[in-house]
Amino acid sequence: MNRLKQVIAALAAVGTIASAAPAAAESVLRVRPFGDLKQIDPVITSDYMVRNHGYMVYDTLFALDEVMQIKPQMLERWQVSPDGLVYTFVLRDKLAFHNGTPVTAADVVASLERWGKRDGLGQQLMALTKSLTANDDRTVTLALTQPWGLVLEALGKPSSNVPFIMPAGIAKTPADTAITDATGSGPFIMKREEWVPGSKVVYVRNPNYVPRGEPPSGLAGGKTAKVDRVEWRYIPDAQTALNALQAGEIDIFEEVPPDFLPMLKGNAKIRTAPQDTMGMQMVFRMNTLVPPFNNPKVRQAIRYMIDQEMFAQAYVMDPTLYKNCPSFYMCSSPYFTDAGWVKPDLAKAKKLIVESGYDGTPVVVLHATESGPTNTFSLVAEQLMRDIGLKVEPQAMDWGTLVGRRASKATVDKGGWSLFMSGPTGADMMDPAGHLGLRSNCDKAWFGWPCDEEIEKLRAEFSLATDLQKKKELAKAIQLRAVEVGPYWPAAQLYLVRAMRSNVEGAPKAAVPVYWNISLK
Amino acid sequence: MIAYVLGRLLAAIPVLSAVAAFVFLLLSLVPGDPAVVIAGDLATPEQVEAIRRSLALDRPLVERFVTWLGHMLTGDFGNSLFSGIAVSELIVQRIEPTLVLALMTIVIAVTVAVPLGLVSAYHPTGIVARLTMAGAVLGFSLPVFVVAFGLVYVFALGLGWFPVQSYVPLSEGLAGTLHSLVLPAVAVSFLYIALIARVTRAAVLEVLREDYVRTAHAKGLAARLILTRHVLRNAAVPVITIIGIGFAALLGGVVVTETVFSIPGLGRLTADSILRRDYPVVQALILLFSTVYVAVNLAVDIAYVLVDPRIRY
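The residue numbers shown here count from 1 along each chain, following its written sequence. The order in which chains are written sets their letters, starting at A; the order in which ligands are written sets their numbers, starting at 1. In keeping with the predicted nature of the model, local features appear solely for residues at pLDDT of at least 70, side-chain atom pairs appear and are counted solely at 80 or more, and the whole-chain, interface and lining totals rest on all residues. By convention in this description, side-chain values take in all heavy atoms of the structure and omit both hydrogens and water.

Undergrad: What's the story with the interface of chain A and chain B in this structure? I'm lost.
TA: You'll often see interface size given as the accessible area lost when the parts meet. Each partner contributes to the interface: chain A provides 59 residues, whereas chain B provides 48 residues. Of the roughly 4,400 Å² buried between chain A and chain B, counting both surfaces, carbon and sulfur atoms make up 59%. Whenever Lys or Arg places a side-chain nitrogen within 4 Å of a carboxyl oxygen from Asp or Glu, that contact is recorded as a salt bridge. Taken together, the connections running from chain A to chain B amount to one salt bridge. Here A:Asp36 ties to B:Arg276 by a salt bridge, and the two come within 2.7 Å at their closest N and O atoms. Polar contact is defined as a pair of N or O atoms within 3.5 Å, subject to the rule that within protein one atom must be able to donate a hydrogen and the other to accept it, and that residues adjacent in sequence are counted only when both atoms are side-chain atoms. The tally of links between chain A and chain B comes to 14 residue pairs in polar contact (both at pLDDT 80 or more). Counting from the N terminus, the helices are the DSSP runs of H or I reaching at least four residues and the strands are the DSSP runs of E reaching at least two. Sorting the residues of the side of chain A that touches chain B by element identifies helix H1 (2-20), helix H3 (105-118), helix H7 (238-246) and helix H13 (399-405) of chain A as the ones contributing at least two each. In this analysis, two residues are considered to be in contact whenever any of their non-hydrogen atoms come within 4.5 Å of each other. As used here, buried area is the combined drop in accessible area, with a 1.4 Å probe, of two parts when they are placed together.

Undergrad: What is the right way to look at the domain arrangement of chain A in this model?
TA: All names here are of chain A. As far as domains go, chain A holds domain 1 (30-276 + 499-521) and domain 2 (280-494). Taking the mean C-alpha position of each, domain 1 and domain 2 sit 29 Å from one another. At the interface, 17 residues of domain 1 touch 16 residues of domain 2. Where domain 1 abuts domain 2, roughly 1,300 Å² becomes buried across the two surfaces, and 58% of that area is made up of carbon and sulfur atoms. On inspection of domain 1 and its partner domain 2, the count reaches one salt bridge. At the level of secondary structure, the elements contributing two or more residues to the side of domain 1 that touches domain 2 comprise helix H2 (48-57) and helix H4 (120-127). In this count, Pro and Cys sit with the nonpolar residues alongside Ala, Val, Leu, Ile, Met, Phe, Trp and Tyr, while Asp, Glu, Lys and Arg are called charged and the others, Gly among them, polar. Tallied by class, the residues present in the side of domain 1 that touches domain 2 amount to ten nonpolar, five polar and two charged. Domain delimitation follows an automatic or database domain assignment.

Undergrad: Looking at this structure, I do not really get the nonpolar core. What am I missing?
TA: Generally speaking, a soluble globular protein has its nonpolar side chains buried in company with each other. Formed by 213 residues in total, the largest nonpolar core has its most connected members in A:Leu61, A:Tyr203, A:Phe253, A:Phe284, A:Ile302 and A:Met385. Among the elements that line this core, the one with the most residues is helix H5 (residues 87-122) of chain B, at eleven residues. Beyond its immediate sequence surroundings of up to four residues, A:Phe253 is in contact with A:Arg32, A:Ala238, A:Ala241, A:Leu242, A:Leu245, A:Phe260, A:Val497, A:Arg498 and A:Ala499. We define the nonpolar core as a collection of buried residues of types Ala, Val, Leu, Ile, Met, Phe, Trp, Tyr and Cys that are connected through side-chain atoms lying within 4.5 Å of one another. Summary of the burial criterion: residues with accessible area below 20% of their type's maximum are buried, those above 50% are exposed, and those between are partly exposed, where the area comes from a 1.4 Å probe applied to protein chains only. Core analysis: the second largest hydrophobic core is formed by 17 residues, A:Ile44, A:Val403, B:Ala35 and B:Ala39 among them.

Undergrad: How do you make sense of the sheet that holds strand S21 (residues 497-501) of chain A when you look at a structure like this?
TA: Hydrogen bonds between backbone atoms are what pair the strands of a sheet, whose relative direction is either parallel or antiparallel. All names here are of chain A. Only when DSSP finds a minimum of two bridges between them are two strands counted as paired. Overall, mixed pairing links the seven strands, which are arranged S10-S11-S12-S1-S13-S21-S14 in an open sheet. Lying at the two open borders of the sheet, with one neighbouring strand each, are strand S10 (188-190) and strand S14 (270-274). Bridge count for strand S11 (residues 200-205) against strand S12 (residues 229-233) is five bridges, and the pairing is antiparallel. Pairing of valine 204 across the sheet is with arginine 229, part of S12.

Undergrad: Quick question: what am I supposed to make of the sheet that holds strand S7 (residues 129-134) of chain A here?
TA: Residues and elements named next belong to chain A. Taking strand neighbours across the sheet as the criterion, the four strands line up as S5-S6-S8-S7 in an open arrangement whose pairing is antiparallel. Strand pairing shows two members of the sheet lacking a second neighbour, strand S5 (75-80) and S7, which therefore form its edges. Averaged over all pairs of adjacent strands, the angle between their axes in this sheet comes to 10 degrees, without regard to strand direction. With five bridges connecting them, S5 and strand S6 (residues 86-91) associate as antiparallel partners. When the bridges of S6 are listed, arginine 77 appears paired with valine 90. Angles shown run from 0 to 180 degrees and are taken between the N-to-C directions of axes, each axis being a line fitted to C-alpha atoms and, for helices, limited to the stretch in contact. Its contacts with the sheet put H3 on S6, S7 and strand S8 (139-144), and the angle it makes with S7 is roughly 145 degrees. The sheet contacts of H4 involve S7 and S8, and relative to S7 the element is tilted by about 95 degrees.

Undergrad: What is the right way to read the domain arrangement of chain B from this model?
TA: All names here are of chain B. Parsing chain B into structural domains produces domain 1 (2-73) and domain 2 (88-312). Computed from C-alpha coordinates alone, the two centres of domain 1 and domain 2 are separated by 32 Å. Roughly 1,600 Å² of surface becomes buried between domain 1 and domain 2 when both sides are summed, with 75% attributable to carbon and sulfur atoms. It is Arg8, Leu16 and Leu27 in domain 1 that bury the most area against domain 2; as a group they hold 33% of the surface buried on that side. Where domain 1 packs against domain 2, one counts one salt bridge. The salt bridge involving arginine 8 is made with aspartate 301; its shortest N-O contact spans 2.3 Å. Where the side of domain 1 that touches domain 2 is concerned, the elements lending two or more residues are helix H1 (2-29), helix H2 (34-39) and helix H4 (61-73). With eleven residues, the single largest contributor to the side of domain 1 that touches domain 2 is H1. A class-by-class count of the residues in the side of domain 1 that touches domain 2 yields 17 nonpolar, one polar and two charged.

Structure below.
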């Protein structure tokens, strides 16, 4: 027995040394990200993992700070002409890409042009752009055809698709073709040869990165890579990830399922913190093209059916991890308003279903079973809909099938769908212009395709407005119209949690999880 | 013998071709669309369509099949629709953990199961036989993830002897690799120990009743020699068959074990690729698994000749 112990101990020692070999002289931050990095082009996809990868390797012209203010990031200075038509941006000195070449105005132009073909706000900006030119190596001029109130919001948008700046040679890739080169000018460099999709992504400190002088704040300010190496180790099973955190094999565990949190309480070696400052909005998305949700009265019934508290508590009981937010906008948004919001009332919902002339067409729910909150929220929605008199047909599937199925505009008897639940990040639900769920431009809207001229007119006005008060009034008007027509319904606001070992210090409070300024003591 | 092997290899060509065509058609029938997954949650239908065009997914099925087959014949498995990495490179990245895990599992299973099966057959009412058969029932019944988490709690979180998860590549040292795979290999081997022990016991029991064994006893040959030289060799055919099939199944990937221990093997690559509809990767993997089955079956058939001279091809 003693011999066995000696053999295992020796093996363990050798194994430990071997597994730590590449990091022997380096500080290594080991993170279990919430998902797998499947690809590396932050423009072609809105996948949040790719967005987070983008923040590691790229930089942005502007960035959102901790108090939701847009601040210059790659810029030394910028100015706008008195008529609001011409913006001039001057890059900071000594900005360089990972391959050592300087970041130039031409890179900025190419990057913004590519981004402007994919991103919703980018498309709006490009539609109003008369010219986007590189005046010299460090100066970019953006000339608009009319004043637009969202230029800085667009260039500093925190979530997908983020206008990351990449070398012009890479940014010239057509916007529908994925780039395969992750060269950027951000605080970390991706070690592409060590990337094992589905398992591991490795970043090393960019030794040439020059952080801003200001203290870090959200996604803005000085970004300093304080560890030599960041390893994203994708551990698909949450229980395994928790075990790995407890055993010290990883330092950070993103998106801890709420039912694991009690297990971490009282563990002095582990602490928890909000994963991002905005949270996410759970979305009850109806297909407005086909019965029964093509009937506005049925959508109104759903409005009275949704009890955000009930939905949220089915997923998480801790009241600090959810919010009953009576608005289409996130509660932290400057445009938050509860105008027109009603209290949940099942009796009223039932009555509206009767009055709607509902003919028993089944509500086909695309029910993704592998995603935590989406699964739970779908279950609650299905039961509540049955309670108010709708015939419900849940169809369990994986997320890959769901995103394929939801593109169908067919009726439910021909493979179509009626409802899916989703959880976009708060950054995508902050204001009417970039709002995923409020877009009501028919075929061009998000899946579900709501169609409402009034909302679109108000959204266009919002985009052009430059005065904050005016913008707030327009946001309120949009909400009042949206509660009438019901493009979708928010089903609660959730806050994700990341757990980290007690030796992890300096995790930024930002709109998305980022890994600069983090050190290991 | 050589003619037999060549014949079997030639016969594999239509088998693999049929598998290729079947997999291609099957994937085209599965709901889901890689372009939609690539584009992400916020993409508009137009953007999805543009990506579909850029990946040539909008081309007719027959055209796509012919193109894919043409590339396959030149050894080009294509690139992942997501990462853009060559499929062959992705498979090479993942084959090592799966191969080492499969070998380790089979070595553990055979080392434990064959002696247990042998002793259980020789002393069918003894304590070893009873414990082995009870253990075999347990091995068949316990889901691998239960065994895996049990081992993790005791030997990783409790005693700290082994890591909770991860795989240390061979390039960082054999000892580290073996150390990282002890728990997963033991977890998977439970089932194989049960299977091989039962098959060994049944095969040995049958041989023990043969006249030549009785003759060997009558000649006064030592029991150990009778078992190893006469009994085990004659009972080897079904045991080799089950080991071969087990090895092929392990090479096909053990998704649950790889998931629980976060091992980047072929099983997880297969599951991930199916979930995201990464067609070129799925197609190449299934062809690879089919080839492995064909090769292992051939190896098993050849092994029969080596252990039993009565078998001739």
